[in-house]
Structure formats: structure tokens, C-alpha cells
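A closer look at the structure
In case you want the letters, here they are:
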Amino acid sequence: MGDEGENVPANESNDSVVNQDELILAQQRQIEKEISESIPLVGELDSVTSLCKEYSTDDVYLEKIKDLASKYSHVRRTRPDGNCFFRAFSYAILEKLLCDKDSFNTFYKLAENSKNILVELGFQQFTVEDFYETYMEVLKRLSDIDNLDDAKKELHIIFNEQGYSDYMVVYLRLLTSAQLQKEKDFYSCFIEGHRTVVDFCHQEVEPMYKESDHIHIMAACSALNTGVRVLYMDRGVGSSVTQHDLPEGCSPSVHLLYRPGHYDILYP
Amino acid sequence: MTCLSPSERRLQKELMSLIKDPPPGVSVDADQVEQNLFLWTIHMEGASGTLYEGERFQLQFKFSNKYPFDSPEVTFTGSNIPVHPHIYSNGHICLSILTDDWSPALSVQSVCLSIVSMLSSCKEKHRPPDNAFYVKTCNKNPKKTKWWYHDDSV
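Residues numbered from 1 in each chain as written. Chains lettered and ligands numbered in written order. Predicted model: local features only at pLDDT ≥ 70, side-chain atom pairs only at ≥ 80, totals over all residues. Heavy atoms only, no water.

- As recorded in an unreviewed UniProt entry, chain B goes by N-terminal E2 ubiquitin-conjugating enzyme and comes from Rhynchophorus ferrugineus.

- Where an unreviewed UniProt entry is consulted, chain A appears under the name Ubiquitin thioesterase, with the organism given as Rhynchophorus ferrugineus.
- Among the UniProt annotations of chain A, the heading Catalytic activity (unreviewed entry) holds the following wording: "Thiol-dependent hydrolysis of ester, thioester, amide, peptide and isopeptide bonds formed by the C-terminal Gly of ubiquitin (a 76-residue protein attached to proteins as an intracellular targeting signal)." (UniProt positions renumbered as here; feature names shortened; annotations may be inferred.)

This is the structure in C-alpha cells:
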């Protein structure tokens, strides 16, 4: 298309689709509503073999679940709303840290200093503050609980309360964006097309519900100074799941299951 | 003092910041906001040295109680709607941060800055090519339009 007509609503030039936009959006809302009513933001622990129920007629997946079950005992599902990586990752890392006070304190200090880094990078102070304060409040609340089981219960409650849970997601998105921007020379090689790292952050990292790719995971790990092992399960050839450590060669503190378009948490 | 909801708290903060430290050419009608925190009117002046120099515009911001997770509904209102290839004569604006690329880290201020810069970079005043059709058929709420964003240069 030339200059003319480059900026047009999707319903142009067809009288019969007058309300098409509204229909599409209404259907999207309906799907989102069904998902949010049937799948909690973060679920309870399930056995890995419970995944078989989703693929009862699919031999490729059933084989791979068998392989997965030889390495992991449990899975914790997250809601597929485009935020699943960020939600799963935040939850899993905090759950892990609850078992290790020293690491938790190091993490807490890192988080405490993170606001200044964001503001220095040009994020607006009061928008960052909102999310930072809630993020720190959650960390504080968790660190104040001495009993491990109680702390894990609290974590689970917090992550299923939309208000708190989404704030945690936003803040991790901002930290990830900051990390990408801080090391933009490195990350620019991973961005397809001619978008800059900053454009990429504005369009694919900071907005809610945008799905995560390798590049998000690498930057999020680097921002939180940790590593992730991702187990890939799809209909590709072979009977085993493929695993990737990010960053390469790390000793991962969080294990995630990836199925096309979605992340859940895994437990050895 | 009554307890504010998260979106009210956030809007209150934004309002203070916008009154204290507004971007050049932008001002908020504080009296009106006091009546209803979820409906703002913003006055905007065309920047000097641009095609809109000397013009005054009015923007309306409508917020839901899910703000800042939901983007605000932003339209030009009043008697002077800027003539611009991304602005329809009913005041609807085709700007990706108002729908697809909205992030809770954005704000009224960053939306205003984007609109100012969109106006300032315009080289030729004209309406979008499909203006007549769109204005006739669209929903009152611009967020109910599925926009295609192709061109970031204007």
C-alpha cells in the first residue's frame, strides 16, 4: 500500500461487515471470560501424568509426557492469558527463595534497588512506583512469615488475587524491559525485522498479555540474576522432550514446561 | 478520608503530576476532574513551528475501574478536531498505544506526549482516506474498533 490508506480501521470498505469489529472483540472477550472462569491464575500441584488427560488420543504427546514424567513429578498450571511466562517465573522463583533465607534477602536487596534503575532508564517515576511498591509489599509480606508452609500458602493466595498477581507481572515486565534496554547491543541481534530494542520493549514486553519468547526469558533471568530450564513439548519428531537452559550453562533455579504458546511450572 | 481504589489512587497521582508539571502546551481541566476522576478534559495547543501552530484542541480521557490495566478511551472533542491523517472527524485517533500497545507503565502524560508528537510530525493536513465511511459506521467507543497500525512515520 502507498501513503494513502496506510492508516485505516480494519472494517474499511465493506458495508456488510459494519459491526464486524464489535463481533470479533465481543468474541475475544467471551473467550477470555471462559478461560478466566475455568483456569485459576496459578493452579494447585498436579502430577505430571495428569497431562495425559489433555492428549488422550495423541500418541506423540503421550510418549513425551512419559519422558517428562521420568524427570519431573509435578506440574503447576498457569492461566493462558499471554502473561503465563512472567506469572509462572515470578511464582516459581519466589517459591524457591522461600526455602532459602539468604538468597531471599539477596533477592530482596536487588529488588529494592531496581526502582532507581528503571527511573534512570527513563520510566516515569510515578507509574513505576505504583508497581514497585506493590512488588516490595509482597516480598515483605512473604519474608515476614517464618513457617515455610504458611509462606507458600500466602504466595499462592497472593498470586491468585488478580490485583496483586497482575502487579507482580507488570513489574517483572518492566524489569525485563530495563534489562533489554541496558544491554541493547547484545539483544538487538535477536530482534527480527527492523525494530529497535526500545520499540520491541514498548510493543512486546511492557504491554500486558503479550506472549514471551526466548529473548524475554533471557532478559528476565538476567534481571533477576537467575537461570531457567525450559522443557519443550510439542508434536515434533522423537519421543523425548527437549530441554534448554537459559542462560546456557546455568544451574537453573526454575523449571518450566513449554507447550506451543504456553508455560507451566515443573517440579523435579 | 475515604479509601481509594487502586485506579483512583493512580489517577489521583497522575492528576497531581499533570497539574504540577504539565508537558508544554498541555493542561488539564482540574475543576472538571474534581467532579469525576474517571473523566478528564485536556486542553492542547498546537506546537509552534508545526502545521497546528495557534490552534487549540480538546481531548477527552475516559478511564475504567481497571485502569491502568485497561487503556483509557481517548478522543478529540469540541469544535476543533485536528485535521490529520490519523485522526477521524469524529475525534477518534488511530494510535497503537491506545489499544494494542498500551502498557500500565504508560500514563495520561505519555499519551499526551505521543499525540503532540503525532501532530508535530505531520507534513500535510488531511483526514484519513476512509474518514466518511468510518465515521458513519464506527462504534462510539474507539476501543471497539480493530485498528491496523501500518505507518509510524506520521
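**Things to note about the confidence of the model for chain A**
Residues and elements named next belong to chain A.
- When pLDDT is averaged along chain A, the result is 89, and 93% of the positions lie at 70 or above.
- Residue range residues 1-6 is modelled with pLDDT below 50. Its contacts to residues more than four positions away, or to other chains, number 6 contacts.
- Note that residues 11-17 has pLDDT below 50 and, in this model, 11 contacts with residues that lie over four places away or in other chains. (pLDDT = per-residue confidence, 0-100. Contact = heavy atoms within 4.5 Å.)

**A look at the domain arrangement of chain A**
All names here are of chain A.
- In terms of domain boundaries, chain A breaks down into domain 1 (1-38) and domain 2 (39-267).
- Each of domain 1 and domain 2 was reduced to a C-alpha centroid, and the two centroids are 31 Å apart.
- In this assembly, 4 residues from domain 1 lie in contact with 4 residues from domain 2.
- Carbon and sulfur atoms make up 54% of the surface buried where domain 1 meets domain 2, a total of about 320 Å² over both sides.
- The largest share of the area that domain 1 buries against domain 2 comes from Ile35, Ser36 and Ser38, three residues that together contribute 100% of it.
- At the junction of domain 1 with domain 2, the criterion picks out 0 residue pairs in polar contact (both at pLDDT 80 or more).
- Residue classes in the side of domain 1 that touches domain 2 are distributed as 1 nonpolar, 2 polar and 1 charged. (Domains from an automatic or database assignment. Buried area = accessible area lost by both parts, 1.4 Å probe. Polar contact = N/O pair within 3.5 Å; in protein donor to acceptor, adjacent residues only side chain to side chain. Nonpolar A, V, L, I, M, F, W, Y, C, P; charged D, E, K, R; others polar.)

**A short note on the environment of Val205 of chain A**
Residues and elements named next belong to chain A.
- Inspection of the secondary structure assignment puts Val205 in helix H9 (residues 197-205).
- For Val205, a relative accessible area of 0% gives the class buried.
- In sequence terms Val205 and Ile215 are 10 residues apart; their C-alpha atoms lie 9.9 Å from each other.
- Residues within four places of Val205 in sequence aside, it is in contact with Arg173, Thr176, Ser177, Leu180, Phe200 and His216. (Helix = DSSP H or I, 4+ residues; strand = E, 2+ residues; numbered from the N terminus. Buried < 20%, exposed > 50% of the residue type's maximum accessible area, 1.4 Å probe, protein only.)

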